[in-house]
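Listed below are the residues making up each chain.
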Amino acid sequence: MRDHGAVTSPTPGPRTSAPTVPAPRLIATDLDGTLLHDDKTVSPRTVAALAAAEEAGIEVFFVTGRPARWMDVVSDHVHGHGLAICGNGAAVVDLHGGPGRHRFVKVRELPVADALDVVRILRAAAPGTSFAVERTGGLHHEPTYPPLHLEAGESVAPAEKLLTADFEGSAVADQPVLKLLAYHPDLGPDTFLALARDAVGEIAAITRSSPSALLEISGRAVSKASTLELCCLERGISPTEVVAFGDMPNDMEMLAWAGTSYAMGNAHPAVLTAATGRTATNNEDGVALVIEDILAARQVPPDHVA
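Residues numbered from 1 in each chain as written. Predicted model: local features only at pLDDT ≥ 70, side-chain atom pairs only at ≥ 80, totals over all residues. Heavy atoms only, no water.

1. Let's talk about the overall build of the protein chain
From N to C terminus, the protein chain includes nine helices and 15 strands. The proportion of buried residues among the 306 residues of the protein chain is 57%. Long-range pairs, those at least 24 residues apart, make up 63% of the contacts in the protein chain between residues at least 6 apart in sequence. Of the roughly 11800 Å² that the protein chain leaves accessible, carbon and sulfur atoms contribute 54%. (Helix = DSSP H or I, 4+ residues; strand = E, 2+ residues; numbered from the N terminus. Buried < 20%, exposed > 50% of the residue type's maximum accessible area, 1.4 Å probe, protein only. Contact = heavy atoms within 4.5 Å. Areas by Shrake-Rupley, 256 points an atom, 1.4 Å probe, with all protein chains shown as cover.)

Listed below in structure tokens is the structure:
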């Protein structure tokens, strides 16, 4: 998903604020609006900083709302472990195979019964809402759902049928549901988010990363933070050894969980409250700036960074 938005960006502060961690073991970074420039590229400076971090023994995890099939932009930069956390924590994906050949290592699905409850509740609470269903194999959407994504939906039908796979020609019933997407044409993005969270309660996790009123709905307790925590536990890495970066509401739990975290200079205002520090904007290579400072503190030779 696109991770920078319709809010007015705060005025950028200094190069970085808050002290950097001298010896982190893992860097977790969002992509859109954070690591990527607005044109969806990874700058040469950032490429060099990511490579230098890996060479110094610091793992780098991309943690994004994007589905696995949209990870080509960074698939050349996953280094040794090859893993990325996609779908706001709904999947851990091995990108080693290259474009179109990714492998799902872990899936934390949204149960169909819970997704159907969310559809029913939001149809009543916010009339005019349209839905899309993100499965491991692709996107499926309702006829009224707008063209917000990089590709057309594989199936078009009411959400209730998309979720139950009860429509002619369906071959997706065995594909887990990663996310339910809900769009409203009239409500403001933050207003829609607050309304949905209040109406749905604990049935599912609801967040957003788009500049439009598009909500991303995952299974209970599924988030970037909870899946990152699982990956760190497998590696014996504690939160205090993690540095995280983000810019939108779907990053807030991750930024609060990590021992050290940075809101981008272009971040949603609420994100500033979740992070321990602040860096420059995505277009100013704010992630690379912090990595360079971390490596300098470890006395990495200066020719390792750009």
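2. Looking at the packing of aromatic side chains
With the rule as written, the count across this model stands at one aromatic pair. Plain terms: the ring middles of Phe 245 and Tyr 262 are 5.6 Å apart, the flat faces sit at 20° to each other, and that makes the pair stacked. With Phe 245 in strand S13 (residues 242–246) and Tyr 262 in strand S14 (residues 260–263), this residue pair connects regions lying 17 residues apart in the sequence. Both residues of the pair, Phe 245 and Tyr 262, count as buried. (Phe/Tyr/Trp six-rings, centres within 6.5 Å; stacked < 30°, edge-to-face > 60°.)

3. Let's talk about the nonpolar core
With 32 residues, the main nonpolar core has Phe 62, Met 71, Val 74 and Ile 291 as its most contacted residues. Those elements that place two or more of their residues in this core are helix H1 (31–35), helix H2 (44–55), strand S3 (59–63), strand S4 (83–86), strand S5 (91–94), S13 and helix H9 (286–297). Top contributing element to this core by residue count: H9, with six residues. Judged by nonpolar contacts, the second largest core, of 26 residues, contains Ala 115, Phe 131, Leu 180 and Val 200. (Core = buried A, V, L, I, M, F, W, Y, C linked by side-chain atoms within 4.5 Å.)

4. Some points on unusual backbone geometry
Unlike most non-glycine residues, Lys 40 shows phi in positive territory, near 70°. Within the element layout of this structure, Lys 40 appears in the loop between H1 and H2. Exposure remark for Lys 40: the relative accessible area of 26% places this residue in the partly exposed category. Backbone geometry at Ala 221 places phi at a positive 65°, although glycine is not the residue there. Take Ala 221: it is sitting in the loop between strand S12 (214–218) and helix H6 (224–235).

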